[in-house]
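Residue-level structure breakdown
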Amino acid sequence: MSASSVPGDGGEGEQETVEEIEVGMIVEADEGDLGQEDISDATVVSIVYDQSGHVESIVAEKGMIFRKLLDIPVGRIRSVTHGAGGTSSDDSPGKVIFSASEDEVEALSSVGSERFPPEAITRPAYHDDMLDLTEKALPTVVGLRRLEEESRDSDAQQEKSSVDGVGEEEKDSTGKEGTELAEKNKSRVSLSKVLGPGLLSGMAGNDASAVASYSLDGARNGYGHLWLMFLATPLLQAVQFACAKIGRVQQKGLAEILREQYGRKVAVPAALLLIVANISLIAADLVAVSTGIELITGVQWMWFVAPVALALWYITVYRSFRAIEKIFLVMSMVFMTYIMTAFFSKPDWSDVLMHTFVPHLDLGFASISTAVALLGATISPYTIFWQVQGEKEDKRFGSTRQKFDLAALDIAAGVISGNMIAYFIIVSTAATLFVGHREIHTALDAARALEPLVGPFAKYLFALGLIGAGIIAIPVLLASASYGIAGTIGWPSGLSKKPWQNEGFYLILSVGLAVSLALALIGFDPVHLMFWANVLQGVLSPILVVLLVVIGNSRRIMGADRLGMITNAGLAAAVIVMFGASVLLFYGLVTGQGGG
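These figures come from a predicted structure and were not determined experimentally.

1. A look at the overall build of the chain
Of regular secondary structure, the chain possesses 25 helices and eight strands. The 596 residues of the chain split such that 55% are buried. Sequence separation of 24 or more characterises 75% of the internal contacts of the chain that already satisfy a separation of 6 or more. Accessible surface computed for the chain: about 24,900 Å², of which carbon and sulfur atoms make up 62%.

2. So, helix α10 (residues 254-262)
Residue pairs spaced three or four apart in an α-helix point in one direction, given the helix's 3.6 residues per turn. Of the positions making up α10, those classed as buried are Leu254, Ala255, Ile257, Leu258 and Tyr262. Seen along its axis, α10 keeps its buried residues to an arc of 160°; they face one direction.

3. Focus on the side chain of Asp285
For Asp285, the location among the structural elements is in helix α11 (residues 264-297). Although buried, Asp285 forms no salt bridge, and the nearest oppositely charged side chain, Arg220, lies 17 Å from it. If we skip the residues at most four places from it in the chain, Asp285 touches Asp207, Ala208, Ser209, Gly470, Ala473, Ile474 and Leu477.

4. Section: the nonpolar core
Grouped together as the largest cluster of nonpolar side chains are 135 residues, with contacts concentrated most on Tyr214, Val239, Leu286 and Phe462. Counting residues per element, this core draws most heavily on helix α21 (residues 458-489), at 16 residues. Setting aside chain neighbours within four positions, we find Leu286 in contact with Val305, Val308, Ala309, Ile474, Leu513, Ser516, Leu517 and Ala520. Judged by nonpolar contacts, the second largest core, of 24 residues, contains Ile21, Val44, Ile72 and Phe116.

5. Side note on helix α14 (residues 337-344)
Taken residue by residue, α14 has Thr337, Tyr338, Thr341 and Ala342 as its buried positions. Down the axis of α14, the buried side of the element spans an arc of 145°, and every buried residue falls inside it. Looking at the buried positions of α14, the neighbouring elements they touch are α8 (208-221), α15 (349-357), α18 (400-434), α19 (443-447), α20 (451-454) and α21. Lys346 lies just past α14 and shows a positive phi near 55°.

6. Quick word on the environment of Ala210
Structurally, Ala210 is set in helix α8. For the pair Ala210 and Ala373, spaced 163 residues apart in the sequence, the C-alpha separation amounts to 8.3 Å. Among all residues touching Ala210, those that are not within four sequence positions of it are Gly205, Ala377 and Asn534.

7. Regarding the packing of aromatic side chains
According to the stated counting rule, one finds 15 aromatic pairs in the structure shown. Consider the rings of Phe343 and Trp349, whose centres lie 5.0 Å apart with planes at 35°: the pair is tilted. Both rings, one in Phe505 and one in Tyr506, keep their centres 5.4 Å apart while their planes meet at 90°; by these two values the pair is edge-to-face. This pair shows no difference in class: Phe505 is buried, exactly as Tyr506 is. Chaining the aromatic ring pairs together yields one cluster made of Phe66, Trp313, Tyr314, Tyr318, Tyr483, Phe505 and Tyr506. Directly above the ring of Phe404 sits Lys245, whose terminal nitrogen or CZ lies 5.1 Å from the centroid.

8. Structural notes on the pairing of strand β7 (residues 95-98)
Sheet analysis places strand β2 (residues 26-29) next to β7, joined by four bridges and oriented parallel. If you follow Glu28 over to β7, its bridge partner there is Ile97. Both strand β6 (residues 77-82) and β7 contribute to a ladder of four bridges, which runs antiparallel. When the sheet's bridge partners are listed, Ser79 is paired in β7 with Ile97.

9. A word on the packing of helix α23 (residues 526-552) against helix α25 (residues 565-590)
Axis separation between α23 and α25 bottoms out at 9 Å; the angle between their running directions is 145°. For the pair α23 and α25, the sense of crossing is left-handed. Across the interface between the two elements, Val535, Gly538, Val539, Ser541, Pro542, Ile543, Val545, Val546 and Val549 from α23 touch Asn568, Leu571, Val575, Met578, Phe579, Ser582, Leu585 and Phe586 from α25.

10. Some remarks on the side chain of Asn502
Along the polypeptide, Asn502 turns up in the loop between α21 and α22 (503-520). If sequence neighbours within four positions are ignored, Asn502 has contacts with Asp38, Pro492, Ser493, Gly494 and Lys497.

11. A short note on unusual backbone geometry
Backbone geometry at Gln251 places phi at a positive 55°, although glycine is not the residue there. Structurally, Gln251 can be placed in the loop between α9 (226-250) and α10. Accessibility expressed as a relative area gives 34% for Gln251, which makes it partly exposed.

12. A look at the packing of α9 against α23
Contact geometry for α9 and α23: axes closest at 10 Å, N-to-C directions at 45°. With respect to α23, the element α9 is oriented oblique. The interaxial crossing formed by α9 with α23 has left-handed handedness. Counted together, Val239, Cys243 and Ile246 of α9 and Val545, Leu548, Ile551 and Gly552 of α23 form the full contact between these two elements. Residue composition of the contact of α9 with α23, grouped by class: six nonpolar, one polar and no charged.

13. A short note on a nonpolar patch on the surface
On the surface, Phe230, Leu353, Met354, Phe357 and Val358 cluster together into a nonpolar patch covering about 510 Å² of accessible area. Along the chain, Val358 turns up in the loop between α15 and α16 (365-378). For Val358, a relative accessible area of 46% puts it in the partly exposed group.

14. Examining the environment of Gln501
Inspection of the secondary structure puts Gln501 in the loop between α21 and α22. Residue Gln501 is classed as buried on the basis of its relative accessible area, which comes to 0%. A distance of 2.7 Å separates the side chain of Gln501 from the backbone nitrogen of Lys498, its partner in a polar contact.

15. A short note on the pattern of salt bridges
Using the criterion set out here, one finds twelve salt bridges in the structure. In this structure, Lys497 and Asp33 form a salt bridge, with 3.4 Å as the shortest nitrogen-oxygen distance. In this pair, Lys497 is assigned in the loop between α21 and α22 and Asp33 in the loop between β2 and β3 (43-49), connecting sequence segments 464 residues apart. Take Asp33: its relative accessible area is 21%, and that puts it in the partly exposed class.

16. A look at the environment of Tyr214
Tracing the backbone through its elements, the reader meets Tyr214 in helix α8. Residues Tyr214 and Ile425, 211 residues apart in the sequence, show an inter-C-alpha distance of 6.3 Å. Filtering out sequence-adjacent residues up to four positions away, Tyr214 remains in contact with Asn206, Met229, Leu374, Ala377, Thr378, Ala422, Ile425, Ile426 and Thr429. Side-chain polar atoms of Tyr214 contact the side chain of Thr378, separated by 3.3 Å.

Conventions used here
Per chain, the residues get numbers from 1 upward, laid out in the order the sequence is written. At least 70 in pLDDT is required for a residue's local features to be given in this predicted model, at least 80 for side-chain atom pairs to be given and counted, and no such filter applies to totals for whole chains, interfaces and linings, which use all residues. The side-chain numbers reported here are obtained from all heavy atoms of the structure, hydrogens and water having been left aside. Helix and strand assignments come from DSSP, with helices taken as H or I runs of at least 4 residues and strands as E runs of at least 2, each series counted from the N terminus. Only protein chains enter the accessibility calculation, which uses a 1.4 Å probe; a residue whose area is less than 20% of its type maximum is buried, one above 50% is exposed, and one in between is partly exposed. Every residue pair with non-hydrogen atoms within 4.5 Å of one another is taken to be in contact. Per-residue and other accessible areas were derived by the Shrake-Rupley procedure at a 1.4 Å probe size, with only the shown protein chains allowed to occlude residues. Working note: the arc is built from the helix axis to C-beta atom directions. Neither His nor the chain termini are counted; the positive set is Lys and Arg, and the negative set is Asp and Glu. Take a side-chain nitrogen of Lys or Arg and a carboxyl oxygen of Asp or Glu: if they are within 4 Å of each other, that pair is a salt bridge. Among the buried residues, those of types Ala, Val, Leu, Ile, Met, Phe, Trp, Tyr and Cys that are joined through side-chain atoms within 4.5 Å form a nonpolar core. Working definition: a ring pair exists when centres of Phe, Tyr or Trp rings (six-membered ring for Trp) sit within 6.5 Å. Plane angles under 30 degrees give stacked, over 60 give edge-to-face, the rest tilted. Any Lys NZ or Arg CZ that is within 6 Å of a ring centre and within 35 degrees of that ring's normal is treated as a charge sitting over the ring. Following DSSP output, two strands are said to pair if at least two bridges run between them. Geometry is summarised by axes, namely lines fitted to C-alpha atoms with helices restricted to the contacting stretch, and by angles between N-to-C directions that run from 0 to 180 degrees. For any pair of crossing helices, the crossing counts as left-handed if the nearer helix is rotated counterclockwise from the farther one by less than a right angle, and right-handed if it is rotated clockwise. Oblique is the label for every angle not falling under 35 degrees (roughly parallel), over 145 degrees (roughly antiparallel), or within 65 to 115 degrees (roughly perpendicular). Residues are grouped as follows: Ala, Val, Leu, Ile, Met, Phe, Trp, Tyr, Cys and Pro are nonpolar; Asp, Glu, Lys and Arg are charged; all remaining types, including Gly, are polar. Residues enter patches when their relative accessible area tops 30% and they take part in no salt bridge; the joining distance is 9 Å for like charges and 5 Å for the nonpolar side chains Val, Leu, Ile, Met, Phe, Trp and Tyr. Side-chain atoms alone can form a polar contact between residues adjacent in sequence; in general such a contact is a pair of N or O atoms within 3.5 Å, and within protein one must be able to donate a hydrogen while the other accepts it.

What follows is the structure, given as structure tokens:
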């Protein structure tokens, strides 16, 4: 290789060097990330000359589908590297390095042609009001983008401190600045017990399809599965804590861990499980959002599926959710009203408590299928992959032991709050629909469970919940599947990057949504699509839980931080219960009970 340095003084030496730049050369920034590890490189597509015939700037293009043009002034060019032999006539395209900071690259737009500004641009600061903090803690697109950015900035700062030979904590350990930092860290540790990747993620798991499954369970089986909801709570705690511990120790996503430790023969099937599970859920949530709009407008839901999918694709790929996501976060909290509805519906509380603590086994197909759907809505492939990723991105304070303890508290808060809402959805629908011998065939039927609380406004309240929860869940499910596939292949992934920076990741996301849209438009009954999507979750999840057991107990992977006896017991119980329910489900299908 032959490299020429550009002094950057605008003199004759610089001009001679840039004259050697040719179309097709690879272009990289010295600090900012143009996506050089992505499926395509940024390359020179044209050279702009001034009136004197000297190079004024070069135009680089990045992306094959998500294309971006960058106009780079010649004064920013730092070096030009040619192929072997000192010329660009061989097969190597050569490389152009130019000056651009991480903030400057992040300030670039998602589409179009753009010229690099003469001065660096600093990324705007976030203002953390309560909804901002909730948005960040919930597994949402905006929340993950912010976590990724903060994680990247923190890693860069730690690397800089290591190079300087003085860590930030050591620098600020004395004096006023050290006191202020200690107080800030103390505050953040306290806040992380309330707002971390585990808290409210349990509630966010109550997406529109999950609410439909819980409602069907209560309408079909009354209080019969409350004990299973009670049992699922510690099982979910064990699964999510195992995910958090693996993510914290490895600092990698689950797909990356599987690929690096066990090869693609294990990583690919695991990724396929996630893809199948998430595609079904995305299709179900697209239908749920459209059904919610139907409840409000009276227009058939199928007319809304494609516009909803296209709008979500556009804002996920090209725009920030920041302005509108808070609205949908508030809308998704509508399902908390089921807690009050459960009391307004006046159930027989002695019967409720008995079915909560005394298991009742019904081997009929309807009971088994709703039990599998309930388990799938509670412990899903999406939550498994997501929790590993979320713990990897989250920056907790304290020792490793303290970080594990904080993660356990964080997850417990999310699991208990989320499952409590699911519990009261079952109680509400059982006390109204099951007792009244009314089945759920449409979303309007499910909405009637809220009538004891809000009367004729029940369908509108239920519709708002479906729309809000679905719109929040769909981009997250898409991102989760994209993380799994990209990690398996070895492509860079992350929502904090523009589509032209992480083109492979966004192509996966786009294809996933297209397949989900096609599935949603096939014409399945909306309620049954939402229900069977969660049945599929219940069938696939125990396979991933087995992988958690293997990874979490590997000394080679986890070192001294392997899973403890209590967590292993919870994982084993989750596998036994979910596999057992799945076996009974398939037995019912084989013997023809599923057609009844």
